[in-house]
Amino acid sequence: MQKNKNTPSIDALVDAAKIAYNSAYAPYSQFQVGASLLTKDNQVFNGCNVENASYGLGVCAERNCIANAVVHGCQTFTHLVVYTEQEKLTPPCGACRQVIAEFMLPEAKITSVNHLNQRKEWSVAQLLPDAFLPRDLT
Ligand code: THU
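Computed from a predicted model, the values in this text were never measured in an experiment.

J.: Tell me about the environment of Val-50, residues and numbers included.
T.: Take Val-50: it is sitting in the loop between β2 (44-48) and α2 (61-71). Looking at Val-50, the relative accessible area reads 38%, which means it is partly exposed. Sequence separation of Val-50 and Cys-60 is 10 residues, and the distance between their C-alpha atoms is 6.6 Å. Each residue touching Val-50, except ones within four places of it in the same chain, is listed here: Tyr-25, Leu-57, Gly-58, Val-59 and Asn-64.

This is the structure we're talking about:
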């Protein structure tokens, strides 16, 4: 976690995601992923994917990153970065899109970046239009 008066740059978010990438536990897929989040008050959190011998229990980097921020009392995020070392830039999986939509506004940004510093950006709404949200429960 990092506290900042000024908004951290996208490069600071990429660095945080890269650090998490290096902690990824992905012995089954060999597909390491790091993620980072910017909170509405300019804090940065990160997370990595954590797999399990019971394969279905693996958790993606994005969801672990969100859980890390929530543990620290943050629930609103303006930017999510996903870092991999894949030539094809990695988008969040469907399950993560649903969890992202719970904590990020439709116009918030998601950036996928790789080791070649190639980048692709989406809004939350682009990745999950017409999301099922808390308001749909009322
Ligand atoms: N994975 C992530 O952590 N985030 C993504 O955006 C895509 C997939 C993980 C899940 C699993 O541990 C591995 O990558 C291969 O699917």
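J.: Give a detailed account of the pattern of salt bridges, specifying residues and quantitative values.
T.: What the rule picks out here adds up to 1 salt bridge. Between Asp-11 and Arg-119 there is a salt bridge, with the nearest N and O atoms lying 3.0 Å from each other. Taken together, the residues span a long stretch of sequence, with Asp-11 in helix α1 (residues 10-21) and Arg-119 in strand β5 (residues 119-123) at a distance of 108 residues.

J.: How would you sum up the packing of aromatic side chains? Please name residues and give values.
T.: Under the definition given, this model contains 3 aromatic pairs. Taking 5.4 Å as the distance between ring centres and 45 degrees as the angle between the ring planes, the aromatic pair formed by Tyr-28 and Tyr-55 counts as tilted. Here Tyr-28, found in the loop between α1 and β1 (34-39), pairs with Tyr-55, found in the loop between β2 and α2; they are 27 residues apart in sequence, far enough to count as distant.

J.: Account for the nonpolar core, naming residues and giving values.
T.: By size, the foremost hydrophobic cluster in this structure holds 23 residues, and its most contacted members are Leu-37, Phe-77, Leu-80, Ile-100, Met-104, Ile-110 and Val-124. Counting residues per element, this core draws most heavily on α2, which supplies 4 residues. Other than its neighbours up to four places away in sequence, Ile-110 contacts His-79, Leu-80, Pro-92, Ile-100, Lys-120, Glu-121, Trp-122, Val-124 and Leu-127. Grouped together as the second largest cluster of nonpolar side chains are 10 residues, Leu-13, Ala-16, Val-81 and Val-113 included.

J.: So, the site of the ligand: which residues are in play, and what are the values?
T.: The full set of residues close to the ligand is Ser-29, Phe-31, Val-33, Asn-49, Glu-51, Cys-60, Ala-61, Glu-62, Thr-90, Pro-91, Pro-92 and Cys-93. Between an oxygen atom of the ligand and a side-chain N or O atom of Glu-51, the distance comes to 2.5 Å. In this structure, an oxygen atom belonging to the ligand sits 3.3 Å away from a main-chain N or O atom of Pro-91. Protein chains bury 78% of the 370 Å² of accessible surface belonging to the ligand in isolation. When grouped by side-chain class, the residues that make up the shell around the ligand number 7 nonpolar, 3 polar and 2 charged.

J.: Lay out the packing of α2 against helix α3 (residues 94-103) with the relevant residues and their values.
T.: Close contact between α2 and α3 brings their axes to 9 Å; oriented N to C, the two are set at 25 degrees. By the angle between their axes, α2 is roughly parallel relative to α3. Two packed elements cross with a definite hand, and for α2 against α3 that hand is left-handed. Residues Glu-62, Arg-63, Ile-66 and Val-70 of α2 lie in contact with α3, whose contacting residues are Ala-95, Cys-96, Val-99, Ile-100 and Phe-103. For the contact of α2 with α3, a count of residues per class yields 7 nonpolar, no polar and 2 charged.

What counts and what doesn't
Residues numbered from 1 in each chain as written. Predicted model: local features only at pLDDT ≥ 70, side-chain atom pairs only at ≥ 80, totals over all residues. Heavy atoms only, no water. Helix = DSSP H or I, 4+ residues; strand = E, 2+ residues; numbered from the N terminus. Buried < 20%, exposed > 50% of the residue type's maximum accessible area, 1.4 Å probe, protein only. Contact = heavy atoms within 4.5 Å. Salt bridge = Lys/Arg side-chain N within 4 Å of Asp/Glu carboxyl O. Phe/Tyr/Trp six-rings, centres within 6.5 Å; stacked < 30°, edge-to-face > 60°. Core = buried A, V, L, I, M, F, W, Y, C linked by side-chain atoms within 4.5 Å. Near = heavy atom within 4 Å. Polar contact = N/O pair within 3.5 Å; in protein donor to acceptor, adjacent residues only side chain to side chain. Areas by Shrake-Rupley, 256 points an atom, 1.4 Å probe, with all protein chains shown as cover. Nonpolar A, V, L, I, M, F, W, Y, C, P; charged D, E, K, R; others polar. Axes fitted to C-alpha atoms, helices over the stretch in contact; angles between N-to-C directions. Parallel < 35°, antiparallel > 145°, perpendicular 65-115°, else oblique. Left-handed = near helix turned anticlockwise from the far one by under 90°.

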